Amino acid sequence: MKKITLILVLLFSFVKINAQTTVPYVEVNMGFSSGIIPFFPGASVLYGATTKYESGILLDYQGGIAFPSLITGKFGIGCNIDKSELTVGIRPWPASTYAQIKLNRDNKNSDIIISVEKMWSREIFIQDAIFTIGWRFDNKKYKDIRHK
């Protein structure tokens, strides 16, 4: 945990202070976890925002309700790759490290999110990893600027 926090702090030191834009969104996810109970289902509804910086770096943060953990959230840093966004970060609850890709879909009302997470401990949730697919709905006010 301390190593991941240190890495994120070092990465943020290279980010310019001036944000180009912040895009709020609502995200709906479903998936499964692997471990002691194979293919255990899960789902979440989250509110979040992505802030894009002049340097090309982006910050993504979200929180909301989930099953089976009741509450959840995550915070990550990433970059644009063509029309997609690649993000890595941490989820404090349930504690995990994640990598996700956002596949931007022009002329659609949502984008697709694919996420893979490695759990830090089996003490509370007896699983090893989480795999999800989600749909992100940007705030309509920002629809025209979301891919800049």
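Not measured: the values here are computed from a predicted model. Each chain has its residues counted from 1, following the order in which its sequence is written. This being a predicted model, a pLDDT of at least 70 is required before a residue's local features are given, and a value of 80 or more before pairs of side-chain atoms are given or counted; all residues contribute to the totals for chains, interfaces and linings. Excluding hydrogens and water, the side-chain figures rest on all heavy atoms present in the structure.

1. Brief notes about unusual backbone geometry
Cis rather than trans, the peptide bond between Phe67 and Pro68 has omega equal to 10 degrees. Helix and strand definitions follow DSSP, with helices as H or I runs of at least four residues and strands as E runs of at least two, each counted in order from the N terminus. Relative to the helices and strands, Pro68 is located in the loop between strand 3 (57-67) and strand 4 (70-81). Residues Trp93 and Pro94 are joined by a peptide bond in cis, for which omega reads -15 degrees. Within the secondary structure, Pro94 is located in the loop between strand 5 (84-93) and strand 6 (96-103). Of note, the phi angle at Phe39 is positive, near 55 degrees, even though the residue is not glycine. Structurally, Phe39 can be placed in the loop between strand 1 (19-35) and strand 2 (40-53). Within the chain, Asn107 stands out as a residue other than glycine whose phi angle is a positive 60 degrees. Here Asn107 lies in the loop between strand 6 and strand 7 (111-119).

2. Quick look at the confidence of the model for the chain
In the predicted model, the chain carries a mean pLDDT of 84, and the fraction of residues at 70 or more is 78%. Helix 1 (residues 2-12) is the least confidently modelled element of the chain, averaging 59 in pLDDT, while strand 6 averages 96, the highest of any element. A score between 0 and 100, pLDDT records how confident the predictor is in each residue.

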